Amino acid sequence: MKTTAALTVLALFAAAPARAGVTLSFACDSTGKGYDICKAGTDAWAAKTGNTVNVIQVPNETGDRLGLYQQQLAAGSSDVDVYMIDVVWPGLIGAHLLDLKPLVPDKEVSAHFPAIVQNNTFNGKLVGIPWFTDAGVLYSRSDLLAKYGFHGPPKTWDELAAMAKKIQDGERAANPLFQGFVFQGKNYEGLTCDALEWLTSFGGGTIIDPSGKITIKNPQTVAMLKTVQGWVGTIAPEAVTTYAEEEARNVWQAGNAAFMRNWPYAYALGQAEGSAIKGKITVSALPAGASGHGASTLGGWQLAVNAKSKHAKESVELIRYLTGPEEEKRRAIQGSFSPTIASLYKDPEILAATPFFGPLYDVFVNAVARPATVTKAKYNQASNAFANAVYSVLTKKQTPEEAVNALQSQLARVKGKGW
Ligand code: GLC
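For clarity, every value in this text was computed on a predicted model and none was experimentally measured.

Participant: I keep staring at the nonpolar core and nothing clicks. Help me out?
Facilitator: Across soluble globular proteins, nonpolar side chains have a tendency to be buried as a group. In this structure, F26, W89, W131, Y139, F181, W198 and F259 are the most contacted members of the largest nonpolar core, which totals 131 residues. Of the residues forming this core, the biggest block, nine residues, is contributed by helix α18 (residues 379–394). Residue contributions to this core reach at least three from each of two domains, namely domain 1 (4–127 + 298–365) and domain 2 (137–297 + 369–415).

What follows is the structure, given as structure tokens:
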């Protein structure tokens with residue numbers, strides 16, 4: 001016969017929440033310190049819940065990640081439970097992702113920027129919870145601005161070119177590796193982002209407008225391409241056409257560039273102990289082009305659950321934890337990842353660690369979306385066509401006029417009878 005004490009213990013066991021102890025596989029980040037900062041979050045959740053999370057190695061570039069994940073998902077694989085997905089992917093892989101709407105309380109979802117939640121809604125399903133947002137920003141070397149008599153970062157692309165030239169000419173005397181301006185000039189998704197910023201700042205539209213009309217063929221596009229072609233081999237190295245985010249950051253962080261276009265993550269790395277440019281970084285909005293205003297491309301990443309996951313319940317718990325305010329705050333402070341929860345932009349500790357989040361709040365909120373929603377499953381093809389065309393101009397394989405004409409026809413072919 002069982003004693004009362006033993007019965008109580010048994011009853012407690014029955015009532016206790018299941019200590020599931022499952023092992024989740026998470027395809028997270030790899031850019032900069034992205035892996036470690038992600039892992040610190042999953043370790044904390046694992047310690048709290050008794051589950052295990054394997055944070056797997058993923059390719060560096062978004063396009064390579066997409067290719068891999070599309071293969072896994074199309075094959076119906078359940079190997080990866082949780083994916084970090086790019087803001088331009090819902091239309092590309094949304095069909096394979098779990099609908100989080102019934103699984104995540106509304107008040108948690110609505111804490112995030114509504115435009116991103118809307119972006120993550122595919123065929124009525126909420127396929128990702130926003131994790132961090134991205135907007136292109138301009139990094140300037142504050143010490144060199146002062147040394148060369150400039151009062152602040154450039155406000156226009158023409159100013160940037162003139163300032164970059166002056167600083168480069170001066171610095172090259174002692175440092176032959178020194179570059180005026182580095183950005184993402186490689187032929188990949190990052191070039192689509194940079195070039196959309198140039199295009200919008202020149203008043204050339206957004207490649208394809210929200211109604212699906214192809215708008216790329218216009219004089220502003222040609223003017224923009226002429227300007228950026230002139231940067232390569234003058235204020236930017238010829239090799240800029242091989243740079244993704246990390247290649248540009250490596251040149252910048254070694255102290256070898258006056259200006260860099262990049263995403264916010266590069267700030268925490270530049271400010272880290274041992275960085276050659278710690279304390280010498282100014283972050284500002286990207287310069288204006290012929291339109292009179294500047295533009296930043298909207299980037300950013302969401303957390304999604306594989307519809308085939310065998311541990312959907314725990315996967316949802318993990319992403320609710322990671323996308324909550326405490327984790328977004330930790331990541332903003334440690335990695336300068338821009339939160340997707342508006343109230344965090346007023347948090348004093350976040351602003352102390354990453355001061356530009358305050359003044360550049362509007363840049364984040366007004367960032368220009370790539371035409372992913374309207375092009376749906378054809379976004380990748382459209383983006384590749386755009387990046388190819390810009391790349392052919394940067395590498396001087398085509399004139400701006402030739403590239404624009406060819407791109408217009410190619411986009412029309414991709415569109416076919418409709419997006
Ligand atoms: C950043 C952005 C992402 C974009 C990528 C391009 O990771 O957050 O949206 O697609 O850069 O390289």
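Participant: Looking at this model, I keep getting lost on the state of the cysteines. Mind explaining?
Facilitator: Here a disulfide denotes one covalent bond, and it connects the sulfur atoms of two cysteines. For the structure shown, the criterion picks out one disulfide. Sulfur-sulfur distance for the disulfide between C28 and C38 comes to 2.1 Å. Because the sign of the S-S torsion sets the handedness, a value of about 115 degrees for the bond joining C28 and C38 places this disulfide among the right-handed ones. Placement of C28 in the loop between β1 (23–27) and α2 (34–49) and of C38 in helix α2 is noted, with a sequence separation of ten residues between them.

Participant: I tried to follow the site of the ligand on my own but got confused; where do I start?
Facilitator: Taken together, the neighbourhood of the ligand is formed by 13 residues, with D86, D134, E245, G300 and R370 sitting nearest. The side chain of E245 places a nitrogen or oxygen atom 2.6 Å from an oxygen atom of the ligand. One of the side-chain N or O atoms of W301 is found 3.0 Å from an oxygen atom in the ligand. Relative to its unbound accessible area of 310 Å², the ligand is 92% covered by the protein chains. The cavity that encloses the ligand is the largest pocket. Among the elements that make up the shell around the ligand, the one with the highest residue count is strand β11 (residues 298–305) (three residues). In the shell around the ligand, the residues fall into four nonpolar, four polar and five charged. Built from parts of two domains, the shell around the ligand gets at least three residues from each of domain 1 (4–127 + 298–365) and domain 2 (137–297 + 369–415).

Calculation notes
- Residues numbered from 1 in each chain as written.
- Predicted model: local features only at pLDDT ≥ 70, side-chain atom pairs only at ≥ 80, totals over all residues.
- Heavy atoms only, no water.
- Core = buried A, V, L, I, M, F, W, Y, C linked by side-chain atoms within 4.5 Å.
- Buried < 20%, exposed > 50% of the residue type's maximum accessible area, 1.4 Å probe, protein only.
- Helix = DSSP H or I, 4+ residues; strand = E, 2+ residues; numbered from the N terminus.
- Domains from an automatic or database assignment.
- Disulfide = S-S within 2.5 Å.
- Near = heavy atom within 4 Å.
- Polar contact = N/O pair within 3.5 Å; in protein donor to acceptor, adjacent residues only side chain to side chain.
- Areas by Shrake-Rupley, 256 points an atom, 1.4 Å probe, with all protein chains shown as cover.
- 1 Å grid on protein atoms, 1.4 Å probe; cavity = no way out; pocket = protein on both sides within 12 Å on 5 of 7 lines; lining within 4 Å.
- Sits in = over half its atoms within 2 Å of the grid points.
- Nonpolar A, V, L, I, M, F, W, Y, C, P; charged D, E, K, R; others polar.

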